[in-house]
Amino acid sequence: MTDRERLADLEQRREKLAQELDQTRRAVRDKYAAIVPELAVEDFTEREFRDLLAQAIRVGGAASVAALKGLPPRAS
């Protein structure tokens, strides 16, 4: 196999892996999105909901859960 053929083969494999990555990422996101209808998200504004998720993703799931568990219950 020439360098040119090897390069073409590697490019093709890279493209296939990129497609698989995108498909798998979409599947994970769809799975998580399916959870949302079960939650009382209407208690948040859209901005609050986006900010909450963005911050939780930024710091990581375990840190987010630990921080939130430490808060007092919401006053009704």
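What counts and what doesn't
- Residues numbered from 1 in each chain as written.
- Predicted model: local features only at pLDDT ≥ 70, side-chain atom pairs only at ≥ 80, totals over all residues.
- Heavy atoms only, no water.
- Helix = DSSP H or I, 4+ residues; strand = E, 2+ residues; numbered from the N terminus.
- Expected span 1.5 Å × (residues − 1).
- Salt bridge = Lys/Arg side-chain N within 4 Å of Asp/Glu carboxyl O.
- Buried < 20%, exposed > 50% of the residue type's maximum accessible area, 1.4 Å probe, protein only.
- Axes fitted to C-alpha atoms, helices over the stretch in contact; angles between N-to-C directions.
- Parallel < 35°, antiparallel > 145°, perpendicular 65-115°, else oblique.
- Contact = heavy atoms within 4.5 Å.
- Nonpolar A, V, L, I, M, F, W, Y, C, P; charged D, E, K, R; others polar.

Caption draft 1: Main features of helix α2 (residues 46-59). For α2, spanning 14 residues, the distance from its first C-alpha to its last is 20 Å, which sits close to the expected 20 Å at 1.5 Å a residue. Where α2 ends, the next residue or the one after it, Gly60, has phi of about 105 degrees, a positive value.

Caption draft 2: How the structure looks around the pattern of salt bridges. A complete count under the given rule lists seven salt bridges for this structure. A salt bridge links Arg50 to Glu46; the shortest N-O distance between them is 3.3 Å. Residue Arg50 and its partner Glu46 are both found in helix α2; the two are separated by four residues, about one turn of the helix. Residue Arg47 pairs with Asp51 through a salt bridge whose shortest N-O separation is 3.3 Å. Of this pair, Arg47 and Asp51 both sit in helix α2, separated by four residues, roughly a single helical turn. When its relative accessible area of 35% is taken as the criterion, Asp51 is described as partly exposed.

Caption draft 3: Inspection of the environment of Leu17 at higher detail. With respect to the helices and strands, the residue Leu17 is situated in helix α1 (residues 3-33). For Leu17 and Arg29, which are twelve residues apart along the polypeptide, the C-alpha to C-alpha distance reads 18 Å.

Caption draft 4: Layout of the packing of α2 against helix α3 (residues 61-69). Taken N-terminus to C-terminus, the directions of α2 and α3 make an angle of 120 degrees; their axes are 6 Å apart at the nearest point. Between α2 and α3, the crossing angle belongs to the class labelled oblique. Together, Gln55, Ala56 and Val59 of α2 and Gly61, Ala63 and Ser64 of α3 make up the contact between the two elements. Across the contact of α2 with α3, the residue classes break down as three nonpolar, three polar and no charged.

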